[in-house]
Amino acid sequence: MAKLDLKGVTKSFGDNTVCRGIDLSVNEGEMVCLIGASGSGKSTLLRCINLLEPIDDGRILLDGVDISEPGLNPQPIRARIGIVFQSFNLFPHMTAAENVMLAPRRVLGKSRDALDAPVKALFERFDLGQRMNHYPDQLSGGQQQRVAIIRALAMQPEIMLFDEITSALDPELVGEVLDVLRQLRTEGMTMILATHEMAFARELADKVCFLDAGRILEEGPPETLFSDPKEPRTRAFLKRVL
Ligand code: ADP
Ligand code: MG
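Residue positions within a chain follow its written sequence, with the count starting from 1. Written order determines the labels here, with chains lettered from A and ligands numbered from 1. Selection of residues for local features in this predicted model requires a pLDDT of at least 70, selection of side-chain atom pairs for listing and counting requires 80 or more, and totals for whole chains, interfaces and linings are taken over all residues. Calculated side-chain values reflect all of the structure's heavy atoms, with hydrogen atoms and water omitted.

Undergrad: Quick question: what am I supposed to make of the nonpolar core here?
TA: The tendency in soluble globular proteins is for nonpolar side chains to be buried side by side. Ile-35, Phe-123, Ile-149, Met-160, Phe-162, Leu-181 and Leu-184 are the most contacted members of the largest nonpolar core, which totals 50 residues. Top element by residues in this core is helix α6 (residues 171-186). It accounts for seven residues. Beyond its immediate sequence surroundings of up to four residues, Met-160 is in contact with Gly-82, Val-84, Ile-149, Ala-152, Leu-153, Met-189, Thr-190, Met-191 and Ile-192. The next biggest cluster of nonpolar side chains, apart from the first, holds 28 residues, and it includes Val-26, Val-32, Leu-45 and Leu-62. Here, nonpolar core means buried Ala, Val, Leu, Ile, Met, Phe, Trp, Tyr and Cys residues that are tied together by side-chain atoms lying within 4.5 Å of each other. To sort residues, take the accessible area from a 1.4 Å probe on protein chains only and compare it with the maximum for the residue type: under 20% means buried, over 50% means exposed, and anything in between is partly exposed. A run of H or I in DSSP becomes a helix once it reaches four residues, and a run of E becomes a strand once it reaches two; helices and strands are each numbered from the N terminus. In this analysis, two residues are considered to be in contact whenever any of their non-hydrogen atoms come within 4.5 Å of each other.

Structure (structure tokens):
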């Protein structure tokens, strides 16, 4: 069974249909990359998966269970699916460690004491042990984004969603954030990334999906999709970005 299964996911804003019957299967431990022009629906799809947006039609199955049914309490499901955005959105008046502890304390009801050791271990695992008591403005953009990833991981999610998480960074800081994804990939995390980092997708994705006007126009293993795209629109997009 797939870890996550989207079946005919459809989402409109008014009369603008942004996701048009998306079918997507993600297996445990896979990394799936969503590529496509700005406005093709990548962010909306990730937000739908995390139940930040209700869908209009179709189904989203997590471990075979429909999580998209109207009326379902989204909170416990959101705790199982982490999401990281382009803008890190750390609280400026809290240290990195306090930012990371916030959701486990509020949502999972854990105490500071109980979180001390596991949070320290998370910072050390991602090479930020020396920075956990710094405030966001004392950290570089790359370090802040890594803290944002750690914050999502502190909820012990089963799946991680990443929406263009390197797009706001200075080029020299992109690598350290991609290294975190590389490490998570090695550790077997199930991940879906919307990304413009084509070389990274090519190197690490199990599957790449090209979104065009709310549809997955073409998908496949990176070596096929990047080297031998079938659809003229995929070819045109890749020609622009590669
Ligand atoms: P991408 O991430 O691929 O750039 P988005 O999912 O952000 O694409 O946007 C797809 C379309 O959905 C765009 O036309 C955008 O204007 C529209 N859209 C996204 N979010 C909203 C919203 N909250 N309200 C209305 N329209 C939205
Ligand atoms: Mg987007």
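Moving on from the coordinates now.
Undergrad: Explanation requested: the site of ligand 1 in the structure shown.
TA: If even one non-hydrogen atom of a residue comes within 4 Å of a molecule or strand, that residue is called near it. The environment of ligand 1 is made up of Phe-13, Asn-16, Val-18, Ala-37, Ser-38, Gly-39, Ser-40, Gly-41, Lys-42, Ser-43 and Thr-44. Contacts described as polar in this section are N or O atom pairs within 3.5 Å, which, within protein, must combine one atom able to donate a hydrogen with one able to accept it, while residues neighboring in sequence count only if both atoms come from side chains. A distance of 2.6 Å is found between an oxygen atom of ligand 1 and a backbone nitrogen or oxygen belonging to Gly-39. Contact distances for ligand 1 include 2.8 Å between an oxygen atom and a side-chain N or O atom of Lys-42. Elements with a minimum of two residues in the shell around ligand 1: β2 (16-26) and α1 (42-49). If you tally residues by element for the shell around ligand 1, the top one is α1, at three residues.

Undergrad: I would appreciate a short explanation of helix α4 (residues 112-125) in the present structure.
TA: For an α-helix, 3.6 residues make a turn, and residues three or four places apart therefore share a direction. A helix is expected to span 1.5 Å multiplied by its residue count minus one. With 14 residues, α4 ought to run about 20 Å at 1.5 Å a step, and its terminal C-alpha atoms sit 19 Å apart, in line with that. By definition, a residue's bend is the angle between the axes fitted to the seven residues ending there and the seven starting there. Helix geometry: α4 is bent most strongly at Pro-118, by close to 25 degrees. Of the positions making up α4, those classed as buried are Leu-115, Val-119, Leu-122 and Phe-123. Tucked inside the fold, the buried residues of α4 contact α3 (96-106) and α5 (141-153). Two residues or fewer after α4 comes Asp-127, characterised by a positive phi angle close to 65 degrees.

Undergrad: Teacher, can you tell me more about α5 here?
TA: End to end, α5 covers 18 Å across 13 residues, agreeing with the expected 18 Å (1.5 Å per residue, within 8%). Of all 13 residues that make up α5, 13 are buried, and the element is covered over most of its length.

Undergrad: For this particular structure, what's the right way to read the packing of α3 against α4?
TA: Pairs of packed helices are described in terms of their axes, by the angle between the two and the distance that separates them. Running from N to C, α3 and α4 cross one another at 125 degrees; their axes reach a closest spacing of 10 Å. As the angle between them shows, α3 and α4 are arranged oblique. For the pair α3 and α4, the crossing hand works out as right-handed. Every residue of α4 that contacts α3 at Ala-96, Ala-97, Glu-98, Val-100, Met-101, Pro-104 and Arg-105 is listed here: Arg-112, Leu-115, Asp-116, Val-119 and Phe-123. Residues that form the contact of α3 with α4 fall into these classes: eight nonpolar, no polar and four charged. Lines fitted to C-alpha atoms define the axes here, with helix axes fitted over just the stretch in contact, and angles between the N-to-C directions of these axes take values from 0 to 180 degrees. An angle below 35 degrees is read as roughly parallel, one above 145 as roughly antiparallel, one from 65 to 115 as roughly perpendicular, and any other as oblique. Here a crossing is called left-handed whenever its near helix is offset anticlockwise from the far helix by less than a right angle, and right-handed whenever the offset is clockwise. Ten residue types, Ala, Val, Leu, Ile, Met, Phe, Trp, Tyr, Cys and Pro, are classed as nonpolar, four, Asp, Glu, Lys and Arg, as charged, and the remainder, Gly among them, as polar.

Undergrad: Looking at this model, I keep getting lost on the packing of aromatic side chains. Mind explaining?
TA: The description of an aromatic ring pair uses the distance of the two centres, along with the angle that the planes make with each other. Each Phe, Tyr or Trp ring (for Trp, its six-membered ring) is paired with any other whose centre lies within 6.5 Å, and the angle between the two planes then decides the class: stacked below 30 degrees, edge-to-face above 60, tilted in between. Applying the stated criterion across every chain, the model contains one aromatic pair. When the ring of Phe-210 is compared with that of Phe-237, the centres are 5.2 Å apart and the planes differ by 35 degrees; the resulting orientation is tilted. With Phe-210 in strand β9 (residues 207-212) and Phe-237 in helix α9 (residues 232-241), the pair connects residues that are 27 residues apart, well separated along the chain. An identical accessibility class is assigned to Phe-210 and Phe-237; each is buried.

Undergrad: I would appreciate a short explanation of the pattern of salt bridges in the present structure.
TA: Close approach of charged atoms allows side chains of opposite charge to pair. Between Lys or Arg on one side and Asp or Glu on the other, a salt bridge is scored when a side-chain nitrogen of the former is within 4 Å of a carboxyl oxygen of the latter. Under the defined criterion, the tally for this structure stands at 16 salt bridges. Ionic pairing is found between Glu-53 and Lys-11, a salt bridge with its closest N-O pair at 3.7 Å. Of the two residues, Glu-53 sits in the loop between α1 and β4 (57-62) while Lys-11 sits in strand β1 (residues 4-13), which places them 42 residues apart along the sequence. Comparing Glu-53 with Lys-11 shows no difference in burial state: the two are buried. For the salt bridge of Glu-176 with Arg-146, the shortest nitrogen-to-oxygen distance reads 2.8 Å. Separated by 30 residues along the polypeptide, Glu-176 in helix α6 and Arg-146 in helix α5 bring together distant segments of the chain. A relative accessible area of 24% places Glu-176 in the partly exposed class. On the basis of relative accessible area, Arg-146 is assigned to the buried category, the value being 10%. Three or more residues are tied together by salt bridges with common partners; here these are Lys-3, Asp-63, Arg-80 and Glu-158.

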